Amino acid sequence: MKTNKKLRSQDWFGRKDKDGIIYRSWMKNQGMPPDHFDGRPVIGICNTFSELTPCNAHFREHAESVKRGVLEAGGFPVEFPIMSLGETLLKPTAMLFRNLASMDAEESIRGNPIDGVVLLTGCDKTTPSTVMGAASVGLPTIVVPGGPMLNGRYRGETIGSGTHVWKFDEDMKTGKMTQEDCEFAESCMSRSIGHCMTMGTASTMACMVESLGLTLSGAAAIPAADSRKKVMAQLSGRRIVQMVKDDLTIDKVLTREAFENAIMVNAAVGGSSNFIIHLLAIAGRIGVKLELEEFDKIGSYIPLLVNLMPSGKFLMEDFYYAGGLPVVLNELKSHLHKNVITVTGKNHHENIQGSTECYNEEVIATYNKPLIAEAGCVVVKGNLALNGAVMKPSAATPALMKHKGRAVVFENIEDYHARIDDPNLDIDETCVMVLKYVGPVGYPGMPEVGNMALPKKILEKGIKDMVRISDGRMSGTAYGTTILHVSPESAIGGNLALVQNGDMIELDVEKRKIHLAVSDAELEKRRTKWTPPKPAADRGYVSMYIKHVTGADKGADLDFLQGSSGSVVTRDSH
């Protein structure tokens, strides 16, 4: 597979003219010796480090580990930053800026003398954004996931980041927990470097890139604080140099079969519903045709094998000790495509040889004795979601999977916050909570508010779940019977915008149905009185996002970013 193809970095450093002098000379002010420019592969280390992204705040060390590996393999490592997206701090939502970060990654990779790229990823959106950017360029690419935090421990109890946030909030509302207790617990929950240690979106993204074949085998589950994470980073640095020599570009890894493998693995690990919107966007960049319904068709009948919060009771540290993703891949071996190359140059079946023993079947179940027989995300459709909506059954209440109830409508997120705990709110546990205008255009950015907290008076009755519907997303750490990503969204005139208090809504997950019991004639009558909301911005990136973002069913990418531009740059800078 080796190639004699000229390295693109030589269009900069191999020049014998004025431009060559400029390209080499200014790099030499960092103390780089002349032989670094002798034609060896230049490896870009795309670093999403930021102290405003707590999950990625340890990436300086990871970058150094990657550099060691690159140097050992005879490459020339160059680290560069891009916009970092911190899920916990960035307002109004990190999802609003996923596409912007992907543009940053894409143009940084294309415009610089880079032959291969290592993506340092961790917090939710840093993984899909960098992969989307790299896919649009098409160079050899390997991902180094940053790793989850160590298990949270609070007064003898194992607690999970994100998942227990919702529980603590409920306990505060019902008087089971004091403010002082909560502040102590939050320190116990986030006690080490790393991203959320539940099977939230960050862990899901790590499993996604490993199942796609973009990481070295076993990379997804290693805790950030474990020294073996640095070893994996160093080995990845070695491997990317060989990938460049072999011309093993990202498009050779991200095939249709690789996407199908990832969908099946996501179901088996109980991954976040956000997986859907990110995988759709990546597929759009690499040119693989992937439809929303296929997540249901391919993944919904795969059993749940991994017993992690929010679908189970363990955490990522336990998952790693039990054997990690290689064990899951082995359990799914009869379903996964075998002829799929990964960054190692081999397929998954070859990669996991000798690493398939499960050390704790309470954490990773067998395919024949799963935790849940059918667990993948499902797609429901109906007049309330003509283009589809998604749901995660493994995090839902079985008794609510078939439900009919009266709509209690919140016109926007401010309306929800203002009224949800009003004692006079006309709501009971049989109702269906509906939240409008939180989709890609409406919020803007499609935030993780779909798992609306229940009213205090409902929680005080001991009720923990109700059917909730929105055009937004929910955190991968969250749980509940939530219908998400409703498309078309309310802000562009989807029927969700026309729902009124008292309308009856029927959910039937088995039949993949979500139906608003209102006639077409009545909906059209309501539509004549509906006016679109005023755009959230009239300038800058946010305005551009609102004008160009696609629907959730298409991955919520910007329409002009779909496809790729390749790695060729035809003009010099001087």
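This text goes with the structure placed above it.
In this report, the structure presented in the accompanying data block is examined. These numbers come from a predicted model, not from an experiment. Residue indices follow the written sequence of each chain, beginning from 1 at its first position. Under the rules for a predicted model, residues below a pLDDT of 70 receive no local features and side-chain atom pairs below 80 are neither given nor counted, while totals for whole chains, interfaces and linings still include all residues. Working from all heavy atoms in the structure, the side-chain values ignore hydrogens and water.

1. What about the packing of helix α11 (residues 256-269) against helix α13 (residues 292-299)?
The packing of two helices is summarised by the inter-axis angle and the distance between the axes. Only the stretch in contact is used when a helix axis is fitted, and all axes are lines through C-alpha atoms; the angle between N-to-C directions ranges over 0 to 180 degrees. We count a stretch as a helix when DSSP gives it H or I for four or more residues in a row; a strand needs E for two or more, and each element gets its number in order from the N terminus. In contact at an axis separation of 9 Å, α11 and α13 are set at 65 degrees when each is read in the N-to-C sense. The crossing of α11 and α13 is right-handed. The segment α11 lies against α13, with R256, E260, I263, M264 and A267 engaging E294, F295, I298 and G299. Working rule for handedness: look at the near helix, and if it is turned counterclockwise from the far one by less than a right angle, call the crossing left-handed; if clockwise, right-handed. Every residue pair with non-hydrogen atoms within 4.5 Å of one another is taken to be in contact.

2. Regarding the nonpolar core
The nonpolar core is taken to be a set of buried Ala, Val, Leu, Ile, Met, Phe, Trp, Tyr and Cys residues, with the residues joined through side-chain atoms within 4.5 Å. Three exposure classes are used, based on accessible area relative to the maximum for each residue type with a 1.4 Å probe and protein chains only: buried under 20%, partly exposed in between, and exposed over 50%. If you look at the biggest cluster of nonpolar residues, it comprises 101 residues, and the most contacted ones within it are F259, L279, F319 and V328. If you tally residues by element for this core, the top one is α11, at nine residues. L279 has contacts with M208, L212, F259, A262, I263, L290 and F295, leaving out every residue within four places of it along the chain. Counting residues in each nonpolar core, the second largest holds 49 residues, with V380, M446, L496 and I546 among its members.

3. Overview of empty space enclosed by the protein
For each structure, a 1 Å grid was placed over the protein atoms alone; sets of points admitting a 1.4 Å probe that cannot get out are labelled cavities, open sets with protein on both sides within 12 Å along at least five of seven lines are labelled pockets, and lining residues have an atom within 4 Å of a point. Grid points are joined across faces, edges and corners, and a volume is the space filled by probe spheres set on the points. For the coordinates displayed, the defined rule picks out four cavities of 30 Å³ or more. Estimated volume of the largest cavity: approximately 50 Å³. For the largest cavity, the full set of lining residues is I263, N266, A267, F275, I276, F295, G299, G376 and C377. Sorting the residues of the lining of the largest cavity by element identifies α11, α12 (274-286) and α13 as the ones contributing at least two each. Sort the elements by how many residues they give to the lining of the largest cavity and α11 lands first, with three residues. Of the residues assigned to the lining of the largest cavity, the class counts are six nonpolar, three polar and no charged. In this classification, the charged set is Asp, Glu, Lys and Arg, the nonpolar set is Ala, Val, Leu, Ile, Met, Phe, Trp, Tyr, Cys and Pro, and all remaining amino acids, among them Gly, are polar.

4. A closer look at the environment of M95
On the secondary structure map, M95 appears in the loop between β2 (76-81) and α4 (98-110). By relative accessible area, M95 is classed as buried at 1%. The spatial distance from the C-alpha of M95 to the C-alpha of R473 is 9.7 Å, given a sequence separation of 378 residues. When residues no more than four places from it in sequence are discounted, the contact partners of M95 are K125, I277, H278, G445, M446, R473, Y545 and A556.

5. Section: the pairing of strand β1 (residues 42-47)
In terms of residue burial, β1 counts as a mostly covered element, since six of its six residues are buried. Of the two faces of β1, the one lined by V42, G44 and C46 and the one lined by I43, I45 and N47 are each fully buried. Here six bridges tie β1 to β2, and the two strands are oriented parallel to one another. When the sheet's bridge partners are listed, N47 is paired in β2 with P81. By the convention used here, strands pair only if DSSP detects at least 2 bridges between them.

6. Some thoughts on the sheet that holds strand β4 (residues 141-145)
The strand order across the open sheet formed by four strands is β2-β1-β3-β4, and the pairing between neighbours is parallel. The open sheet has two edge strands, β2 and β4, and neither has a second partner. In this sheet, adjacent strand axes meet at a mean angle of 20 degrees when their direction is disregarded. The strands touched by helix α5 (residues 126-137) are β1, β3 (116-121) and β4; relative to β3, the strand with the most contacts, the crossing angle is about 165 degrees.

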